[in-house]
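Observations on the three-dimensional arrangement
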Amino acid sequence: MMRADGDPREELLGLVRLLAERVRADGEMGRALSYLVREQEPVEAAVVAGSAAAEPAVGGHAALDGVRAALGDCRRCLLHRTRHHLVFGEGSPQAELVFVGEAPGADEDAQGRPFVGNAGQLLTKIIGAMGLRREEVYICNILKCRPPGNRNPQPDEIISCEPFLIRQLQVIQPKVICALGTFAAHTLLKSEAPISVLRGRFHSYQGIPLMPTYHPAYLLRNPGAKKQVWEDVQMVMQALRQERR
Ligand code: URA
């Protein structure tokens, strides 16, 4: 999953570890060799309703609905056993700015909506301070189901969920992506650099400028980092202004 920056042995080791994770998860779910067969419902089905990659803005709602439909009552990893609600994401299909967080927490799991707990309220304030409304942007996560006890996402969970995030981003085609926290930044950028190193400058996700910044939950524990997040989102605002020219 994570790129090993050029060392083929490390890369191979990473792949072996991921495969082992997948075999373990399959074993726990009584599922045989899922990595050798197509997904139960290929994510490609998502694009039937409006050709997500080819026609972004016009069919935005329909295409996003198609991605949601393809996800279905997802049981691709073990998180389905403990979730109450799958949290797909919400906001404008034509959003110029997409926030990608880590995974739903308890409040999000209970309501089926992203970023509605304490961290979510802080994110809503940050969005407001940027002169935007929540409905104007799009908010989603790397994982669509809550890891029990808010533990870190596991590699096999990310592998199962990532195709749907990729489709969401292909449908929306935002001008800027803001990755909230380590897992979002690492997953989207295929980097393992610390968030403190990644933040503060734009990276590229499939040609889209991506700004990593600290997760709002981290800000709740470390209010001193708000200054840096404010610097990061000001750069995002500037990039959006330039895109509109
Ligand atoms: N933290 C996240 O990363 N995502 C949410 O939706 C809520 C909290």
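It should be noted that the structure appears before, not after, this text.
The sections below set out a description of the structure shown in this document.

Our next topic: the pairing of strand β3 (residues 138–141). On β3, burial covers both faces: Tyr-138 and Cys-140 on one face and Ile-139 and Asn-141 on the other are all buried. Relative to β3, strand β1 (residues 90–91) runs antiparallel, the two being bridged by two bridges. The partner of Gly-91 across the bridge, within β3, is Tyr-138. As defined by bridge partners, strand β2 (residues 97–101) adjoins β3 across four bridges and the pair is classed as parallel. Looking across to β3, one finds that Phe-99 is bridged to Ile-139.

Okay, the sheet that holds β1 next. Overall, mixed pairing links the six strands, which are arranged β1-β3-β2-β4-β6-β5 in an open sheet. Looking at strand neighbours, the two that pair on one side only are β1 and β5 (203–205), the edges of this open sheet. Sheet strands in contact with helix α6 (residues 182–189) are β2, β4 (176–180), β5 and β6 (208–213), and its direction is about 130° off that of β4.

Let us look at the side chain of His-203. With respect to the element layout, His-203 can be found in strand β5. Using a relative accessible area of 16% as the deciding quantity, one classes His-203 as buried. Only 2.8 Å separates the side chain of His-203 from the backbone oxygen of Leu-198, close enough to count as a polar contact. Each residue touching His-203, except ones within four places of it in the same chain, is listed here: Leu-189, Leu-198, Ile-208, Pro-209, Leu-210 and Pro-212.

So, on to helix α9 (residues 226–244). In this model α9 runs 27 Å from its N-terminal to its C-terminal C-alpha over 19 residues, within 8% of the 27 Å that 1.5 Å per residue would give. Elements in contact with the buried residues of α9: β2, α4 (118–129), β4, β6 and α8 (216–221).

Within the chain, Phe-115 stands out as a residue other than glycine whose phi angle is a positive 50°. Within the secondary structure, Phe-115 is located in the loop between α3 (106–111) and α4. On the basis of relative accessibility, which here comes to 5%, the residue Phe-115 falls in the buried class. Within the chain, Lys-190 stands out as a residue other than glycine whose phi angle is a positive 50°. Structurally, Lys-190 is set in the loop between α6 and α7 (195–198).

Another aspect to go through is the packing of α4 against α9. Direction vectors running N to C along α4 and α9 enclose 45°, while the axes themselves pass 10 Å from each other. When the interaxial angle is binned, α4 and α9 end up oblique. The handedness of the crossing between α4 and α9 comes out as right-handed. In this structure, α4 uses Leu-122, Ile-126 and Ala-129 to contact α9, whose residues at the interface are Lys-226, Val-229, Trp-230, Val-233 and Met-237. Split by residue class, the contact of α4 with α9 holds seven nonpolar, no polar and one charged.

This brings us to the site of the ligand. Neighbouring the ligand are Gly-101, Glu-102, Ala-103, Glu-108, Pro-114, Phe-115, Asn-141 and His-215. Taking Glu-102, its main chain carries an N or O atom lying 2.8 Å from an oxygen atom of the ligand. At 2.8 Å from a nitrogen atom of the ligand is found a side-chain nitrogen or oxygen belonging to Asn-141. Burial of the ligand by the protein amounts to 91% of the accessible area it has alone, namely 230 Å². Class assignment for the residues of the shell around the ligand results in three nonpolar, three polar and two charged.

What follows deals with the packing of helix α2 (residues 60–71) against helix α5 (residues 155–172). For the pair α2 and α5, the least separation of the axes is 9 Å and the interaxial angle reads 175°. Taken together, the axes of α2 and α5 are roughly antiparallel relative to one another. Residues Gly-60, Ala-63, Leu-64, Val-67, Ala-70 and Leu-71 of α2 form the contact with α5, whose own contacting residues are Phe-164, Arg-167, Gln-168, Val-171 and Ile-172. The residue makeup of the contact of α2 with α5, split by class, is eight nonpolar, two polar and one charged.

Parameters at a glance
Residues numbered from 1 in each chain as written. Predicted model: local features only at pLDDT ≥ 70, side-chain atom pairs only at ≥ 80, totals over all residues. Heavy atoms only, no water. Buried < 20%, exposed > 50% of the residue type's maximum accessible area, 1.4 Å probe, protein only. Helix = DSSP H or I, 4+ residues; strand = E, 2+ residues; numbered from the N terminus. Pairing = 2+ DSSP bridges. Contact = heavy atoms within 4.5 Å. Axes fitted to C-alpha atoms, helices over the stretch in contact; angles between N-to-C directions. Polar contact = N/O pair within 3.5 Å; in protein donor to acceptor, adjacent residues only side chain to side chain. Expected span 1.5 Å × (residues − 1). Parallel < 35°, antiparallel > 145°, perpendicular 65-115°, else oblique. Left-handed = near helix turned anticlockwise from the far one by under 90°. Nonpolar A, V, L, I, M, F, W, Y, C, P; charged D, E, K, R; others polar. Near = heavy atom within 4 Å. Areas by Shrake-Rupley, 256 points an atom, 1.4 Å probe, with all protein chains shown as cover.

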